[in-house]
Amino acid sequence: IARSGAGAPRRGNLNQQANPGLPPRPWQRTTAFKIIAVNHSKETEVKFCVLNLSQVEADLRRLKANLVAPRTLEVNLRFDTPAGDLQRAGRVLRLRKDDAVRLTYKDNNRHIQGAVTRREIEFVADNFDSARQFIEALGYEVVFIYEKYRTTYRTRQVSGDLTGLDVAMLCC
């Protein structure tokens, strides 16, 4: 979802946001594999486009990664000020609903050799609608909504998420 003329969110894809001249391609689907290493409140992630999901899952089993969360649908709302202050500053305010409701703030992005490291503050809220109303009462509005499926694996050092995304989102 991207902003419409009146500031209200509308459904779309990230490719259209970055490249407005490109048409949406909802029929093209793929999977992304994201490796995340979390050190207290710092997250480091690397994303890969995966064309052979069964091979990645076999490799994860071979590496003795534990399945932490089976394939789960999640709904994500991204918030910003009406002027886009968070995006302009490289900050993210997200509300996610899957098996729980999570409010996440990210900032201080650093790109190092293909990895993104940033501060992440995340906590669980009791109620999705109440959390949304709280954020909106602070003056933020929903600027982007996206849904995806996530499967999470973990080893001692890292967490890996397999997430279903539109190819157009990955090719921005």
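Residues take numbers from 1 onward in each chain, read along the sequence in its written order. Predicted model: local features are reported for residues with pLDDT of at least 70 only, side-chain atom pairs are reported and counted for 80 or more only, and whole-chain, interface and lining totals are derived from all residues. Excluded from the side-chain calculation are hydrogens and water; included are all heavy atoms of the structure.

**Student:** Whenever I open this one, the side chain of R96 confuses me. Can you help?
**Tutor:** With respect to the helices and strands, R96 occurs in strand 6 (residues 92-97). Exposure classes here rest on a 1.4 Å probe applied to the protein chains alone. A residue is buried below 20% of its type maximum, exposed above 50%, and partly exposed in between. R96 gets classed as buried once you look at its relative accessible area, which sits at 8%. Not counting the four nearest positions on each side in its chain, R96 is found in contact with E74, V75, N76, V101, R102, F128 and R150. Strands are runs of DSSP state E lasting at least two residues, helices are runs of H or I lasting at least four, and both sets are numbered from the N terminus onward. Contact definition: two residues touch when any of their heavy atoms are within 4.5 Å.

**Student:** How should I be thinking about the pairing of strand 5 (residues 66-80) in this particular structure?
**Tutor:** Two faces make up the sheet, and in a regular strand the side chains alternate between them. By the bridge criterion, 12 bridges tie strand 5 to strand 9 (residues 141-154) in an arrangement that is antiparallel. The residue bridging D80 from the neighbouring strand is E141, located in strand 9. A pair of strands is labelled paired if DSSP reports no fewer than 2 bridges between them. Across five bridges, the pairing between strand 5 and strand 6 is antiparallel. The partner of V75 across the bridge, within strand 6, is K97.

**Student:** What should I look at first to understand helix 4 (residues 128-137) in this one?
**Tutor:** For an α-helix the count is 3.6 residues per turn, leaving residues at separations of three or four pointing the same way. Those residues of helix 4 that fall on the buried side of the exposure criterion are F128, A131 and I135. The buried residues of helix 4 all sit within an arc of 65° when viewed along its axis, so they share a single face. What points out from helix 4, more than 90 degrees from its buried face, is the exposed set D129, Q133, F134 and A137. Here a polar contact is recorded for every N or O atom pair within 3.5 Å, except that within protein the pair must consist of a potential hydrogen donor and a potential acceptor, and residues adjacent in sequence are included only if both atoms are side-chain atoms. The opening residue of helix 4, the one whose side-chain oxygen lies 3.0 Å from the backbone nitrogen of D129, is N127. Directions pointing from the helix axis toward each C-beta atom define the arc.

**Student:** Would you take a moment to explain the pattern of salt bridges for this structure?
**Tutor:** Charged atoms that come close allow side chains of opposite charge to pair. Here a salt bridge means any side-chain nitrogen of Lys or Arg lying within 4 Å of a carboxyl oxygen belonging to Asp or Glu. Within the structure shown, the criterion is met by 14 salt bridges. E43 is paired through a salt bridge with R118; the nearest N and O atoms lie 3.0 Å apart. On the criterion of sequence distance, the pair formed by E43 in strand 4 (residues 42-50) and R118 in strand 8 (residues 115-125) is long-range, its members being 75 residues apart. You'll find E43 and R118 in the same group, each marked buried. With its nearest N and O atoms 3.1 Å apart, the salt bridge here joins R118 to E45. With a gap of 73 residues between them, R118 in strand 8 and E45 in strand 4 connect regions that are remote in the sequence. Of the two residues, R118 and E45, both sit in the buried class.

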